[in-house]
Each structure stands twice: as C-alpha cells, then as structure tokens.
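Observations on chain architecture
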Amino acid sequence: MTMVPVFNSYWQYVEHWSQIDPDYPSLREGSRVVTSGELHELTDRLAKAFLEMGIGGGDRIVSILPSSIDYVLTLVAAGKINAILVPLDVKFRLADLRRFLSHARPEVIIAQPDAGEGGIAVTVEALGAEYADIRTVVVGSDELGPSFEDLLAENPPLDRELEEAKWTQDPHDGALVVFTGGTTGVPKAALLSHRNMAFMSYLDVVYMMRRFIEDKGRGRMIAPLPPSHVGGTVEFIGSGLVGGSEMILMNSWSPHEVLSITEQEKLQWMGGVPTMYAIILAMENLGDYDLSSVELAICSGEKVPLELLEGIRAKIAPNVISGYGSTEAGAELTLTEPGDDFAKIADGYGGKPLPTVQIRIEDDNGTHLPSGEVGEITTSGPLGIRSYFNMPEEDREGFTADGWVKTGDLGYLDEDGGLFIIGRKKHIIRVGSYTVVPAEVEEIVLQDPAVAVAAAIGVPDPIFVEQLWLF
C-alpha cells in the first residue's frame, strides 16, 4: 500500500508526490493532463507570479472557476504564499458577486471568461468604480490584463521569497473562505486553515476510502462538485492532492458523464450528495453502465432516505456509507460502517466520530447533556474552524466559551457514542404551541416512492405563528 504522510498543507503533498513519481498523471481535464512534477512546477510559477503582484500572507484571491485544472493550480499556489483563497460559484449573478467581493476585498480575481452575467468582462464593468482596484485575471484571455496563462509563463526570479512564504506560515493560518448560508440564508464566511483542510482530506483518504476499498496504489477519482463548497475543494480535490490520486476534473456534474467515466476508468468508489444519487437511480438506462468496479458509495451531506440507501446498494455499490459534517466543524465528523442498518441511518444515524473528533451535546444554557438527550451538536478537534472571516458577531455566536464549534444542528449521542441527527436548531417550525422539525415531515413524505425530493418550510400565519408548507 502506498503510504500517505501527515502534512499540514496541500502544497506539501504536491511536493511530496512530485518527488515520488514526477511523471504520474495527477490532473486530467478532457485531453489536458498535468503530471505530479508539472503540478509542483506550475504552482511554484503561479505562486511567484502572485508574489510579484504584491500578494502575500493573509491577502485574498477570489476564484470564479469550476472544478478544473486551473482551479487546482490556483488553490495550491495560494497555499504556497499563505494567501486566502475565496472560491465563488461560476453561476453567481452580479448581486451575489458584489456581496461576496465586498466582504472578501480580494487583491485579484481569477475567472473563466463566461463567469458572471454576460461574461466576466461585462460583470467587472458592471461592478463599478468601487471594485476598480481589484485586478482580474481571465483564463484564456488578456482582455482585462495578463491572462492566467501569462502568469504561468512568467516565472519571476522570486525563489527565495517563495521558500520564505512557504516555511514561515503557520498551519493554523487561514487558507480558504467558504461562504455558507446555514439556515438563515445570511452567508457566513467560514475561514478554514491549512490544517483544517489537509487533515480533513487526510482522514477522507486513510479512514474512509482506504478502509473500504481494495488497495490498488494511488488510484483514480472524479472531482465533480463545485469548488465553492467545502465538499468540492476539501473532500474531492483536497483528497486527491493528499492521496496523490489521478484526478478527473469535471466542470459541472452530469450523471451520464459520471457513470461513463466510472465505467471506462473502472473506478472503485463514488461520492456525492443524496440528490445526485436520486438522479442517477432515476435514469432509465442506468443498467446499461457497467459499475462492477465500484466497491464503495459515499452518500453524505444530508439525511438519506431508506429507499435511496437500498437503491444505491442494489444498483451502484455493495458498500454504502454515510456521514455527518458541516463547513465550519469539518466536512465529515462521523461516519457509518458498511454493515450498519439502513433503517437506522435513515432515522438519522450519522455514525461514530472520526479519529481526533470530539462531540458533545449541549442545551441552550451550555449544559452538557447525557446520552439519549437531544440538544445542539458541538464539536472540537483539528477539523473545526477557529473563526469566521471578518465576522465578529458570528464568532461570538458560533463557538462555545471554551472554543468548541456550535453546529446549529440538533441531535443526540447513543450509549455507544454514535450520533443521531434530528434537524437544524434554528430550522424549526412553530405551529401554535407545537414545535415541528421539517426533516421529520420530509422523512414521512419521502416514504412515498413517487416522491424524489421534499422540503418543508414555515410560512407566517397571524393565528398559529407559522403554518407548514410542503414542497
């Protein structure tokens, strides 16, 4: 088995794997391939280009890129100079970009040409004079200044400065901002450190994938999720960097493309959120794909209905696991085992904590509750963030007095230390004097095989405070 070392940042893994086998195909996107050695060299070049632009530790680099080779290069290069990467979704509209940019205040935006409304050039012009000091680098175009390719070609003589930037950074320095809406719809800027990211990806590799699939070296994987979500950057791309895997990058998720690549490359595992699996299982031609190589399916991100779990096991992979996590606390905090009862998982069981993860349940007064009692899930360990980015109010509300992350989720621990998730603490509906947890209503409706996706919400009512609406 190829050993995976423990490092504190992604760029250290890139350098490690480049020394092990510089010709290994690390990144694939269509016909474009970047080897381990090229990944190290190109990210050094890009990092030096950032330094020449005056970007340093703590400065923000906004990316408006899909899951792509260029995004991976930006992610690793930003880490090498201790800058903070802020990935935004390529589908964000002007109002979204204006809101997020005003909070991040980046030094530079790295974007693809068609990002924003009408393309990135039109979007930048529409942002107005207030954002004129933010430089924009476009992939494949010099319309707004040097292109992304120009930066990669420059290679300024800043080797000493780059080495200093690498080795003077602290593992707890901020490295990634992910905007997460939570239950209120107000975006929160979660600030993940180098160690938060690298160790989560390390656990994904050694504790999730390598425990449940037959070892065949460094392996291949698909990276299909948007980088603007913690799953896209940390669980997929980050895991590929840490494990030294051959990553097949998908600009956007497509069930046909996922299945075609899985069949062609004989991939051993598949990952995604429940909605993705529901779409795949609904495909009339699913049986046309040979998925016999798939040993493990990871279905996480929200509560998983029983019918979906059974469908995944019957038609995609013999081993199915699920987990619980959040952007702030760690993308995966708990994990089920392949032999766990599906009915139990569908009832909210998220598995037992991963190594180094500590979980406790608290009431509204911060009192620690015993097993079996429902309260807010709080967590501590190397996966949890220490603060939000420039959001002192969220810092006061989002952590306990002793620094544990408050997830905002309701749950309880059973006598064996397993975690059950009930729902969101703030996402409850008050109908008269009754407290309704939307997830419980959705779970009942999803038992009807004619229903694929359901959402329960509260709507203001002058008499009952709220009424329940179900979509």
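Notes on the structure in this doc start here.

The rules behind the values
Residues numbered from 1 in each chain as written. Predicted model: local features only at pLDDT ≥ 70, side-chain atom pairs only at ≥ 80, totals over all residues. Heavy atoms only, no water. Helix = DSSP H or I, 4+ residues; strand = E, 2+ residues; numbered from the N terminus. Rg over C-alpha atoms; globule rule 2.2 N^0.38 Å. Buried < 20%, exposed > 50% of the residue type's maximum accessible area, 1.4 Å probe, protein only. Patch = residues over 30% accessible without salt bridge, like charges linked within 9 Å, V, L, I, M, F, W, Y side chains within 5 Å. Areas by Shrake-Rupley, 256 points an atom, 1.4 Å probe, with all protein chains shown as cover. Salt bridge = Lys/Arg side-chain N within 4 Å of Asp/Glu carboxyl O. Pairing = 2+ DSSP bridges. Axes fitted to C-alpha atoms, helices over the stretch in contact; angles between N-to-C directions. Contact = heavy atoms within 4.5 Å. Lys, Arg positive; Asp, Glu negative; His and termini not counted. Charge placed at Lys NZ, Arg CZ, Asp CG, Glu CD. Phe/Tyr/Trp six-rings, centres within 6.5 Å; stacked < 30°, edge-to-face > 60°. Lys NZ or Arg CZ within 6 Å of the ring centre and 35° of its normal. Nonpolar A, V, L, I, M, F, W, Y, C, P; charged D, E, K, R; others polar. Polar contact = N/O pair within 3.5 Å; in protein donor to acceptor, adjacent residues only side chain to side chain.

Some words on the overall build of the protein chain
Secondary structure assignment for the protein chain yields 15 helices and 25 strands. Its C-alpha atoms give the protein chain a radius of gyration of 22 Å, within 12% of the compact-globule value 23 Å for 471 residues. Each principal axis of the C-alpha atoms in the protein chain carries an extent, and together these give about 65 × 50 × 45 Å. The buried share of the protein chain, reckoned over its 471 residues, is 55%.

What to know about a nonpolar patch on the surface
On the surface, Ile-457, Trp-469 and Phe-471 cluster together to form a nonpolar patch covering roughly 340 Å² of accessible area. With respect to the secondary-structure elements, Trp-469 resides in strand E25 (residues 465-470). Judged by relative accessible area, which is 47%, Trp-469 ranks as partly exposed.

Considerations on the sheet that holds strand E16 (residues 349-353)
Strand pairing within a sheet occurs via backbone hydrogen bonds; the two strands may be parallel or antiparallel. Across the sheet, which stays open at both edges, the seven strands sit in the order E14-E15-E16-E21-E20-E18-E17 with antiparallel pairing between neighbours. The open sheet is flanked by strand E14 (323-326) and strand E17 (358-362), the only strands paired with a single partner. Taking the axes of each pair of neighbouring strands and ignoring which way they run, one obtains an average angle of 50° across the sheet. Bridge count between strand E15 (residues 330-335) and E16: two bridges; the pairing is antiparallel. Looking at E16, one finds that Leu-335 is bridged to Lys-352.

As for the environment of Lys-406
Tracing the backbone shows Lys-406 in strand E20 (residues 405-413). Sequence spacing of Lys-406 and Ser-380 is 26 residues, and the spatial spacing of their C-alpha atoms is 9.4 Å. Sequence-distant contacts of Lys-406, defined by excluding residues within four places in its chain, comprise Glu-376, Ile-377, Thr-378, Glu-397, Gly-398, Phe-399 and Thr-400.

Concerning a negative patch on the surface
A cluster of like negative charges, contributed by Glu-52, Asp-142, Glu-143, Glu-149, Asp-150 and Glu-154, occupies part of the molecular surface. The biggest single contributor to the negative patch is helix H6 (residues 148-154), with three residues. For Glu-149, a relative accessible area of 36% translates into the label partly exposed.

Thoughts on the packing of aromatic side chains
Scanning all chains against the criterion turns up nine aromatic pairs. With a centroid separation of 4.9 Å and 80° between ring planes, the pair formed by Trp-11 and Trp-167 is classed as edge-to-face. Highlighted residues: Trp-11 in helix H1 (residues 10-20) and Trp-167 in helix H7 (residues 159-167), separated in sequence by 156 residues. Looking at Trp-11, the relative accessible area reads 2%, which means it is buried. For the cation-ring pair, Arg-99 lies above Phe-100, with the distance from its terminal atom to the ring centre recorded as 5.1 Å. Directly above the aromatic system of Tyr-349 lies the positively charged group of Lys-344, at a separation of 4.1 Å from the ring centroid.

So, the packing of H1 against helix H9 (residues 230-243)
Two numbers describe how H1 lies on H9: the axes approach to 8 Å, and their chain directions differ by 35°. Residue-level inspection shows Tyr-10, Tyr-13, Val-14 and Trp-17 of H1 in contact with H9, the latter providing Thr-233, Val-234, Gly-238, Leu-241, Val-242 and Gly-243. Looking at side-chain class alone, the contact of H1 with H9 contains seven nonpolar, three polar and no charged residues.

A look at unusual backbone geometry
Phi is positive for Lys-266, which is not a glycine, with a value near 55°. With respect to the helices and strands, the residue Lys-266 is situated in the loop between helix H10 (255-265) and strand E11 (269-272). Look at Thr-356: it is not a glycine, yet its phi comes out positive at around 80°. Within the secondary structure layout, Thr-356 lies in the loop between E16 and E17.

Quick word on the pairing of strand E1 (residues 25-29)
Bridging between E1 and strand E2 (residues 32-35) involves four bridges; their strand directions are antiparallel. When the sheet's bridge partners are listed, Arg-28 is paired in E2 with Val-33. Turn length for the E1-E2 hairpin, with the two strands adjacent in sequence and antiparallel, is two residues, and the turn residue Gly-30 shows positive phi of about 65°. Of the strand pairs in this sheet, E1 and strand E10 (residues 246-249) are connected by two bridges, and their pairing is parallel. Bridge pairing in E10 places Arg-28 opposite Ile-248.

With respect to the side chain of Lys-80
With respect to the secondary-structure elements, Lys-80 resides in helix H3 (residues 69-80). At a separation of 3.2 Å, a polar atom in the side chain of Lys-80 contacts the main-chain carbonyl oxygen of His-40. Here Asp-44 takes part through its side chain, which lies 2.8 Å from a polar atom of the side chain of Lys-80. Excluding residues that lie within four positions of it along the chain, Lys-80 makes contacts with Trp-11, Glu-15, His-40, Thr-43, Asp-44, Ala-47, Leu-162, Ala-165, Lys-166 and Gln-169.

Overview of the sheet that holds E1
Pairing in this open sheet of four strands is mixed, and the strands run E2-E1-E10-E9 from one edge to the other. In this open sheet, the two edge strands, each paired with only one partner strand, are E2 and strand E9 (220-223). Each strand axis lies, on average, 20° off the axis of its neighbour in the sheet, ignoring direction. Of the strands in this sheet, E9 and E10 are in contact with H9, which crosses E9 at around 150°. On the sheet, H10 packs against E1, E9 and E10 and is oriented at approximately 170° with respect to E9.

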